[in-house]
Amino acid sequence: MATGTLPSVVSRYKVPIITLFLSVYIDIFDCQQFVIPFKSPSDCSGEEFFDISSLSCVSCGSNQLRSTTGLSCICKTGYQTLITDKTFITCQQCPTDKPAVITDGFGCVRCPGSLSDEGKCQCPPGNILVERDTNGNLLDEARCEICNGNTPGLTVPNYSGDKCERCQDSFINSSCVCNPPNVLAGGLCFPSGSLSTNVNPSVNYAQLKFSVQSAWFVKNLYSSSAACLVFSNLTACQALGNMCVMNMHSFSSVSTDACGLFNTIFRSRAALSSTQDISYWRVNLPWLYYGDEPGLAGRVLQTDPVPIKFSFRGRNKNTDIRLLAAVYNVRGEFLRWEQVGAGNLQLCPGTTSKQSAAFSFGTAYQESVTDLLDAHPEPLFYDVFLDLGGGENRKLLPLPTLVYNQQYNGRLINQESMKNWYLSRRMFVVDTLSGREKSTSSLPKVIRVVSSVKIRFQLVPRTQDGQVFPPLMTVTYRDVPITDINTQTVTTTFAVEYEMDQNEARIKTDTAIGVMAGVALIYSLLKTVSWKRRIASPLIDAETLLKFLIFYAGDLANVFFAVTVGTGLYWLIFYKAQQFVSVLLPLPAQEEQFVTYVGCAFALKAVQFLHKLFMQVSIDVFFIDWERPRCKANRTVQAAGEPKRDPSPVSIWRTYFVANEWNEIQTIRKISPTFQIMAVLFFLEVLGFSNLALRDPWPILQRSSQEYTPSYSIMLRYGLSSTLWLCIGFLQVIFFTVFHEHFIEDKIRQFVDLCSISNISVLLLSHRCFGYYIHGRSVHGHADTNMEEMNKNLNRESESLCGQRGLLPNSDTQTFQVSLTNRLRLQYDRIREQIGRRNGPSRLMDTSSANQFEQRARGYQTMNHFLGSVIDHAHPDMDYIVRDKLMFERVIGMEFLEPSEKSIFYNDEAHTFSDVLFYGNEATLLIFDTLFFCVVDLGSQSFVLSAVLTCVQQIIFRLIRNTLGRKNLVNKTLVDERFLI
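All values reported here derive from a predicted model rather than from experimental measurement.

### What about helix α10 (residues 653-664)?
- Its 12 residues place the ends of α10 16 Å apart at the C-alpha level, agreeing with the 16 Å of an ideal helix rising 1.5 Å per residue.
- Within α10, burial applies to Arg654, Thr655, Tyr656, Val658, Ala659, Asn660, Trp662 and Asn663.

### Describing the sheet that holds strand β35 (residues 770-774)
- Within the open sheet, the six strands sit side by side as β31-β34-β35-β36-β38-β37. Their pairing is mixed. Looking at which strands have only one partner, the edges of the open sheet turn out to be β31 (620-625) and β37 (880-883). Across the sheet, the axes of successive neighbouring strands diverge by a mean angle of 25°, strand direction being ignored.
- The pairing of β31 with strand β34 (residues 760-765) spans six bridges and is antiparallel. Paired with Ile624 across the bridge in β34 is Ser761.
- Docked against the sheet, helix α13 (residues 747-758) engages β34, β35 and β36 (815-819), running at close to 130° with respect to β34.
- Across the sheet, helix α15 (residues 822-835) lies against β31, β34 and β38 (903-907), angled at about 85° from β31, the strand it touches most.

### Some remarks on the packing of aromatic side chains
- On inspection of all chains with the given rule, the structure shows 63 aromatic pairs.
- A ring pair is formed by Phe457 and Tyr498, whose centres lie 5.5 Å apart and whose planes are at 20°; its orientation type is stacked. Separated by 41 residues along the polypeptide, Phe457 in strand β28 (residues 446-458) and Tyr498 in strand β30 (residues 489-499) bring together distant segments of the chain.
- Classification of Phe457 by relative accessible area gives buried; the value is 1%.
- Accessibility expressed as a relative area gives 5% for Tyr498, which makes it buried.
- A ring pair is formed by Phe928 and Phe932, whose centres lie 6.4 Å apart and whose planes are at 40°; its orientation type is tilted. A residue pair is termed a helical-turn pair when its members lie 3 or 4 positions apart in one helix, as Phe928 and Phe932 do in helix α18 (residues 922-940) at four residues. You'll find Phe928 and Phe932 in the same group, each marked buried.
- Grouped by ring-pair contacts, the aromatic residues Phe310, Phe312, Phe361, Phe457, Tyr498, Tyr575 and Trp698 constitute a single cluster.

### Some remarks on the state of the cysteines
- As enumerated under the stated definition, the model contains seven disulfides in all.
- Residue pairing for Cys94: its cysteine sulfur links by disulfide to Cys108, the two sulfurs lying 1.8 Å apart. Across the disulfide from Cys94 to Cys108, rotation about the S-S bond amounts to roughly -75°, and the bridge is consequently left-handed. You can see Cys94 sitting in the loop between β7 (89-93) and β8 (100-101) and its partner Cys108 sitting in strand β9 (residues 108-109), a full 14 residues away along the chain.
- Disulfide partner of Cys244: Cys259, at an S-S distance of 2.0 Å. Here the S-S torsion is close to 100°, and the disulfide linking Cys244 with Cys259 is therefore right-handed. Here Cys259 lies in helix α4 (residues 258-268) and Cys244 lies in helix α3 (residues 234-246), a separation of 15 residues in the sequence.

### Quick word on the layout of surface pockets
- Here the second largest pocket defines a volume of roughly 1200 Å³.
- Along its surface, the second largest pocket is lined by 40 residues, and Lys527, Arg534, Lys612, Tyr772 and Asp915 are the ones closest to its centre.
- Mapped by element, the contributors of at least two residues to the lining of the second largest pocket are α7 (503-534), α8 (542-577), α9 (592-616), β35, α17 (887-892) and α18.
- A class-by-class count of the residues in the lining of the second largest pocket yields 14 nonpolar, 14 polar and 12 charged.

### A short note on helix α2 (residues 215-231)
- For α2, spanning 17 residues, the distance from its first C-alpha to its last is 24 Å, which sits close to the expected 24 Å at 1.5 Å a residue.
- Residue Leu221 marks the point of greatest curvature in α2, where the axis turns by about 35°.
- Residue Ser214 occupies the N-cap position of α2, its side-chain oxygen lying 3.4 Å from the main-chain nitrogen of Trp216.
- In the segment just after α2, Ser232 is the residue with positive phi, at about 55°.

### Side note on the packing of α18 against helix α19 (residues 943-973)
- Packing of α18 against α19 brings their axes to within 8 Å, and their N-to-C directions diverge by 140°. Comparing the axis directions of α18 and α19 gives the class oblique. Crossing of α18 against α19: the hand is right-handed. Across from Phe928, Asp929, Phe932, Phe933, Val936, Asp937 and Ser940 in α18, the residues of α19 making contact are Phe943, Leu945, Ser946, Ala947, Leu949, Thr950, Gln953, Gln954 and Phe957.

### Concerning the pairing of β37
- In terms of strand pairing, β37 meets β38 through four bridges, oriented parallel. Looking at the pairing, Tyr880 lines up with Ser903 of β38.
- Each parallel crossover has a hand, and for β37 linked through α17 to β38 it is right-handed.

### A short note on the environment of Glu416
- Within the element layout of this structure, Glu416 appears in the loop between β25 (401-403) and β26 (427-428).
- Look at Glu416 and you get partly exposed, because its relative accessible area is 32%.
- In contact with Glu416, not counting residues within four places along its chain, are Arg411 and Trp421.

### Concerning empty space enclosed by the protein
- As enumerated under the stated definition, the model contains 10 cavities of 30 Å³ or more in all.
- In this structure, the largest cavity occupies an estimated 160 Å³ of space.
- Those elements that provide at least two residues to the lining of the largest cavity are α7, α8 and α9.
- Ranked by the residues each element gives to the lining of the largest cavity, the list is headed by α7, at four residues.
- Classifying every residue of the lining of the largest cavity gives six nonpolar, five polar and two charged.

Conventions adopted
Residues numbered from 1 in each chain as written. Predicted model: local features only at pLDDT ≥ 70, side-chain atom pairs only at ≥ 80, totals over all residues. Heavy atoms only, no water. Helix = DSSP H or I, 4+ residues; strand = E, 2+ residues; numbered from the N terminus. Expected span 1.5 Å × (residues − 1). Buried < 20%, exposed > 50% of the residue type's maximum accessible area, 1.4 Å probe, protein only. Pairing = 2+ DSSP bridges. Axes fitted to C-alpha atoms, helices over the stretch in contact; angles between N-to-C directions. Contact = heavy atoms within 4.5 Å. Phe/Tyr/Trp six-rings, centres within 6.5 Å; stacked < 30°, edge-to-face > 60°. Disulfide = S-S within 2.5 Å. 1 Å grid on protein atoms, 1.4 Å probe; cavity = no way out; pocket = protein on both sides within 12 Å on 5 of 7 lines; lining within 4 Å. Points joined across faces, edges and corners; volume = space filled by probe spheres on them. Nonpolar A, V, L, I, M, F, W, Y, C, P; charged D, E, K, R; others polar. Bend = angle between axes of the 7 residues up to and from the residue. Polar contact = N/O pair within 3.5 Å; in protein donor to acceptor, adjacent residues only side chain to side chain. Parallel < 35°, antiparallel > 145°, perpendicular 65-115°, else oblique. Left-handed = near helix turned anticlockwise from the far one by under 90°. Right-handed = clockwise from strand over helix to strand, strands pointing away.

Okay, structure coming up:
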């Protein structure tokens, strides 16, 4: 494994025990920021070599220079090597009579021919340079002949067979044979007792619940461990660390597995100095663990910010994330420094712009790729660092790694709370080697592959200049049993996500909901009290409690809606418009509570909407016809010797006409639902406003297909769509209220005018003792006339030649809120019983049903006469007064005065009788449509589907409202349904 090494000289690393203890103590409790300078082999000078253990440049000794690989030192030309431990050598100049250095560098000799540029003897082609005799003694003059491998020469042919060289330095007693009780392993001869040969070469595949005796571990685990422990062999230590990484850094009660052996050697180096002043990085060993102190992960990840400031805009714009990885092969050899990205951790194919989006700060990146398992014959290992920049003084920040599957004595500690996390270093992508049982060339029984690599950046709380804590790289491995390695694939996900502490935002949101819910509770109690007054019931019963819950559901829905829309709009504005990074979007897991609030808002608003729908289709309606019979001018009869005119019956067509108009305005709204949906879709899909909801900081409406498109944020998507829906709805309401109703058509006021022209008043009772009254009594006394007289009447009214239309003299107020006495309501109910009796179709009526219809018609006439006489103050015991409502009464929607003796008619110039129509409940309908659209979108992530289903929902409820409202109108007014077109 690590051939050609001598015992290392470690005395130079010894430090006093008390100094080491203080250093470790300070590191643990102060938890300093671990930052190292960036160095690569090319940065080392000619007198320095690159130390693969410390990742730094180390000076060579005197008369030495860097080797061709740059990873060790060699003697200068003309100097022989006296001693070496792989890392440090001693060189001595050759005497003048023997100027050539032998091939292995451990002696000087005269050459039979010329010298090479490297100061070594050269032989003609086909000859082997012999620098020692058959006994292994160095010749005074080299010969060109076949190498003699007999003892005591201590020389053997090299692997290529082109020269003779010394046998391994680890062999004992000047012999190339490793005699018992010494242990031969990996081409090295180890003294007995240096390390127990009873090692555990098993690789535990916990997901599959079995272990594999790894051929690679059987061959190399003991030799790498022993070479690392006895000779401090750098590649052997790296190889041992790689085998621990292949076991997912897991510790068990067995101390002879790869991680157990590594930990044993780690503890044995406690007396030596640390690497790069990091106590967890022992000399000559790779850095695999941070430490198992409880709470260490929190101190490493959430104590000191990274010395980089991120900004999205301005002169100091900085969104580049530069990650570097030190790459090692499975044998522990350092290969290169590599930029993290395509080809290593980021396996996902795509354009350069799409792949580079992963390293643009603030852009939530996640891509998955399905890769063939046979594309990775040997694993590569990566130590990942964050490049802090700095020009010539370039610095690197090690990325803490959290192996999600790591086991610690059988516990999945990294799936517990942060205080129990065991942070580590180094990772691999695909391991097809450790799962081979019989030999390293056989097919693997199982393959361990990384299923997820997630790099998480956490924003420093209350930062205003874009500071983050050290990023955490979370790695999740998956064990895949092999059936056909040539066709078997596995899916790997690479993600970069950003988060901030959401506790403060969550507390503020919950506080806002709590305070507003308390206000809503008081408001709902007032509504319940008002409802009890309007039904003239002093008792608190189950119906009262149910009404209170329904009122509170509607008000609480408004609370949830206001908070969620405000929250979504806040994140949309402050995240997309910020210059220095101060806020980051909540992660999908952190948005679950927000989704719950949206769901509550929709469910509660649906309860309120259905309740209002039920109330509207069950109101009491009665049309009061003020028309009186007129005598016929062309027909007289004799009665008791005196001529009498036969009275002409009052026409029912005016009542039918008013009823039909009332039926038509039941579902009109202050907006156009079709235009609303089309406008929202136009902004979201055509103009590209939907791109504002993507998880990146760029407020760009149009994006190229060649660019990476991150996922949508639920909060941004909800905030954008709800705000857009509400804004377009409010603009429509303003347009219809200010322009359309004043200059084009106002159907509510037109209905009131129609009642006056038709000489018909309308009484609407939404509660038992509360409702609305539209005074439609004609100022001309009658409306059942011909066209000529009708035009004359209208002209007289336009020229102010007649009285005003109002209920009171010299008043134009025609609409009122009415609060009735209990006595009047009881009388109304007694008459209403006669009208409420049902009858079949007229063509099927027999004598009995005909009499029943006549009884209902008489009941209708009685009700018409009764209500007319009440309006005319003909019943002193059921009289009424007219007054204005107080401003506070209008605000809270409750009447302070109870109509105990007289009913109260409140002037209502705002035409609030529209509250029993869709028209007067536009706010509820608009919020319900908004929530319906957003809830469907949150579930489907499709604005088009949400628009289609919202349109279908509107059509269905409009149809239900029309159908049930028409039936209620027929039942309450005796208007035949065939006349409601």
